[in-house]
Structures are given as C-alpha cells and as structure tokens.
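# Structural overview
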Amino acid sequence: MIFARGLRKSFGDVDAVRGVDLDVAPGEVVGLLGPNGAGKTTTLRMLTTLLRPTSGTAVVAGADLLAEPALVRSRIGYVAQSGGTEPRCRVLEELEFQADLYRVPRSRGAELCEVFGLSGLERRTVATLSGGQRRKLDIALGLVHSPALLLLDEPSLGLDPASRDDLWAHLRALPGTTVVLTTHYLDEADALCDRVLVVDHGAVVASGTPASLKRQLRGDVITLEVSGGVSLLESHPLVHSVAVSGSSVRLTVADGSRALVSLLRVLDDAGFEVSSVELHQPTLDDVFRAVTGRSLELPGRVVVG
Ligand SMILES: Nc1ncnc2c1ncn2[C@@H]1O[C@H](COP(=O)(O)OP(=O)(O)OP(=O)(O)O)[C@@H](O)[C@H]1O
C-alpha cells in the first residue's frame, strides 16, 4: 500500500525528515511513534501530497507520489491533527457535503454515523460535540469515499482516557482498512498498531511489531528509589543499562527477579537505602529509551550504559 524510499524534507536549514523508508502492506496498521518535532507529521504530509519531498520517492495506494498526486489524493483519506470540521455545521451535513465532494451516495453519511457511534447526533452542530465525538467525526469524514489507505495524525491527541478507549475501539473495528498513524502516546501505538516505526530527529531509529520491539530489549526493567549506589548498579553483571533521574534509577536487567534480589543485597551491604522497588516487562518507552537515550514519557532523562 505504501512503498517509500529515502523520503527527505528540509525547511531551510531544518532537516525535518532525513531519509525515511516505509513499506506498508494492505490491511496493516502502522504507527510512527516519536516525540514532538520528530518529523512524523512532515512524513505523513509528504505521503498525502500536501508537502513535496525535498528528495525521495514513494508509491502510495498504487499511484506515484510525485507523478500522480491527484490519483494518490483520490485513493487516500487524511485526518489532520486539528481535524477539518466547521463548528457551525451539523454532523450529518458535514458528512453529506463530503459525500457530494467525492460523488458518493449521501447515505454514506448516515452509515458512518452508525459505524462511529454518532447516531442520534446527526442534527447537532460540530461546536456542541465533545472532543471524542468531534475526533470520530473527523475520522468518519476521512473515510467517506472508502479510501484504500487512511492516514491519521495524532488520532487521540488531547482526549480524556475514556474517549481514547472509545475511539480506539472504533478504529480497531474498521474492517480491513490500511492505516498509518502518528502518535507520541506509547499506549496508543501498543493498542492499535501491528507495526511501529520509532522516529527521532527525522529518522527511523527502530521498527517492528510492538511485541518484537519490546523483546529486543531482552530481560526486564527495574525501577528503584534509592539514596545512592549508582556506580554499584552500573557495574553489576546482570545490569544492561542504567538511567538516573534524581533518586529514581531505572535498570534494564537480564533476569528480573534474580537481579532484583542480588541488587537489593549489594545496595544494602553498601549502606544505601531503597525506598521503593518496581519490576516490570519492557514497555515501548523502554524501547525508545534504549535507542534514543531519552524517555517519551519523561523527556530529559539521561540514560547511562
Ligand atoms: N513549515 C515548516 N517550516 C519550518 N520548519 C518546520 C515546518 N514544519 C515542520 N517544521 C519543523 O520540522 C521538524 C519536524 O516537525 P513535525 O511537525 O514533522 O514533527 P512531529 O514529529 O509531527 O511533531 P508533532 O507531534 O509536534 O507535530 C520540527 O523541527 C518542526 O519545527
């Protein structure tokens, strides 16, 4: 569905995207995961023809991005971060207007209201919808012409947890739609994506299924609140890496429970006080830390080791 090679985009001296390769198979849900400014939106806007790449090539939904931009646009749906709804318009009117634009039957509007749980809200103006309802309308608008490929920029940005869960359930239920989405939410990538490309500073720094990315880390993660002893932890044979933030120390270790017992003993023997302990399986944030040295959840942490 997407075959992109060496996509680059520079804005003056800002290299927003530095040579991204992307392959997406029909039916896949692929996520571009990265912090603000990583180049996710720019990548998506290039794939939608809204931005011309500085260099690189791509075939999107069977059409050449540079030679056949109109054909690409007719075959994709794009939902921008800010959406594209008119606050004074009514829900069903918006959908029917979009149907007219794409010359599909107006009944598609009511059908999509049903699919996205917007039934009963057809006569409401967009301005009166909740954030979650508006986002579902944004996405329904992107699907009016039944595109082969749906590109979503930060689908659940700013939504409360219940609205996000509801939106995710609707996205997961879309049958057979190929989706490329951007997100800086780890749980969103984990919940929705078959495959994740971790993007940082305009480049893909890791990719794979959420499970395989987490498996690559080998072992477990231990978080300790401790009064000191970081150098002891760094030199411990079962410890792969150590990240320190104030009194909180996060370790990736070979064998969680064995390492934990041994580490607590080492710290105790040296007189350091441990006030809290947490042992867990690696998350996508741990993957992000391992490849970039920073956290997506708590930017600014430093990783040592
Ligand atoms: N039109 C533009 N002119 C100049 N610089 C731009 C422009 N658009 C994006 N950039 C820069 O390119 C880089 C990548 O931005 P982009 O919006 O693609 O990141 P992102 O990963 O989508 O982040 P966010 O989640 O905050 O949107 C940033 O440094 C941004 O400031």
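Residues numbered from 1 in each chain as written. Predicted model: local features only at pLDDT ≥ 70, side-chain atom pairs only at ≥ 80, totals over all residues. Heavy atoms only, no water.

Here the focus is the overall build of the protein chain. Helix and strand counts for the protein chain come out as 11 helices and 15 strands. Considering only C-alpha atoms, the protein chain reaches an extent of 75 × 45 × 35 Å along its principal axes. The 305 residues of the protein chain split such that 48% are buried. Long-range contacts, defined as pairs at least 24 residues apart, comprise 65% of the intrachain contacts of the protein chain with a sequence gap of at least 6. About 13,900 Å² of surface is accessible on the protein chain, with carbon and sulfur atoms providing 52% of the total. Across the protein chain, the centroid of the 31 positively charged side chains sits 5 Å from that of the 37 negatively charged ones. (Helix = DSSP H or I, 4+ residues; strand = E, 2+ residues; numbered from the N terminus. Buried < 20%, exposed > 50% of the residue type's maximum accessible area, 1.4 Å probe, protein only. Contact = heavy atoms within 4.5 Å. Areas by Shrake-Rupley, 256 points an atom, 1.4 Å probe, with all protein chains shown as cover. Lys, Arg positive; Asp, Glu negative; His and termini not counted. Charge placed at Lys NZ, Arg CZ, Asp CG, Glu CD.)

Mapped onto the secondary structure, V179 falls in strand β8 (residues 178-183). The spacing of V179 and V115 is 64 residues in sequence and 17 Å in space, taken between C-alpha atoms. In contact with V179, other than residues within four places in its own chain, are E28, V29, V30, L150 and L152.

A separate point is the sheet that holds strand β2 (residues 14-24). Sheet strands associate in pairs through backbone hydrogen bonding, adopting either a parallel or an antiparallel arrangement. As summarised here, the arrangement of the 4 strands in space is β2-β1-β4-β5, forming an open sheet in which the pairing is antiparallel. The two strands at the open ends of the sheet, each matched to only one other strand, are β2 and β5 (63-64). The pairing of strand β1 (residues 2-11) with β2 spans 8 bridges and is classified as antiparallel. Looking at the pairing, L7 lines up with V20 of β2. Against the sheet, helix α1 (residues 40-47) engages β1, β2 and β4 (55-60), with an angle of about 120 degrees to β1. (Pairing = 2+ DSSP bridges. Axes fitted to C-alpha atoms, helices over the stretch in contact; angles between N-to-C directions.)

Before going further, it helps to examine a nonpolar patch on the surface. Together, F97, L101 and Y102 make up a nonpolar patch on the protein surface, roughly 310 Å² of accessible area in all. Here F97 shows up in helix α3 (residues 91-101). (Patch = residues over 30% accessible without salt bridge, like charges linked within 9 Å, V, L, I, M, F, W, Y side chains within 5 Å. Salt bridge = Lys/Arg side-chain N within 4 Å of Asp/Glu carboxyl O.)

The next thing to look at is the pairing of strand β11 (residues 220-226). Regular strands place their side chains on alternate faces of the sheet. For β11, the buried fraction is high: 6 of the 7 residues fall into the buried class. Pairing of β11 with strand β13 (residues 248-253) involves 6 bridges; the strand directions are antiparallel. Each residue of the ladder has a partner; that of L224, found in β13, is V249. Taken together, the 6 bridges between β11 and strand β14 (residues 274-280) define a ladder with antiparallel strand orientation. Paired with V221 across the two strands is H280, which belongs to β14.

Right, let's get into the domain arrangement of the protein chain. Entries for the protein chain in the domain assignment read domain 1 (2-214) and domain 2 (220-280). Just the C-alpha atoms count here: the centres of domain 1 and domain 2 sit 41 Å apart. (Domains from an automatic or database assignment.)

With phi around 50 degrees, A61 is a residue other than glycine that occupies positive phi space. Considering the arrangement of structural elements, one finds A61 in the loop between β4 and β5. Notably, S146 is not glycine yet its phi reads approximately 50 degrees, a positive angle. Summarising the element assignment, S146 is placed in the loop between α5 (131-142) and β7 (149-153).

A few words now on the packing of α3 against helix α4 (residues 107-115). Packing of α3 against α4 leaves a shortest axis separation of 8 Å and a crossing angle of 125 degrees. In terms of their interaxial angle, α3 and α4 are classed as oblique. Once α3 is placed against α4, the crossing between them reads as right-handed. In this structure, α3 uses V91, L92 and L95 to contact α4, whose residues at the interface are G109, A110 and C113. (Parallel < 35°, antiparallel > 145°, perpendicular 65-115°, else oblique. Left-handed = near helix turned anticlockwise from the far one by under 90°.)

Before going further, it helps to examine the sheet that holds strand β9 (residues 195-200). Strand order in this open sheet of 6 strands is β6-β7-β8-β3-β9-β10, and the pairing throughout is mixed. Edge positions in the sheet fall to β6 (76-79) and β10 (203-208), since each has one partner strand and no second. Put simply, the sheet's adjacent strands are angled 15 degrees from each other on average, direction ignored. As paired strands, β7 and β8 are joined by 5 bridges and run parallel to one another. The residue of β8 that forms the bridge with L152 is L181. Its contacts with the sheet put α5 on β6 and β7, and the angle it makes with β6 is roughly 160 degrees.

Attention now goes to the site of the ligand. In the vicinity of the ligand lie 13 residues, with G37, G39, K40, T41 and T42 positioned nearest. Side-chain polar atom of N36 to an oxygen atom of the ligand: 3.2 Å apart, as the coordinates give it. At 2.9 Å from an oxygen atom of the ligand is found a main-chain nitrogen or oxygen belonging to A38. Within the complex, 60% of the 630 Å² of free accessible area of the ligand lies under protein. Of all the secondary structure elements, the ones that give two or more residues to the shell around the ligand are β2 and α1. When the residues that make up the shell around the ligand are grouped by side-chain class, the tally is 5 nonpolar, 6 polar and 2 charged. (Near = heavy atom within 4 Å. Polar contact = N/O pair within 3.5 Å; in protein donor to acceptor, adjacent residues only side chain to side chain. Nonpolar A, V, L, I, M, F, W, Y, C, P; charged D, E, K, R; others polar.)

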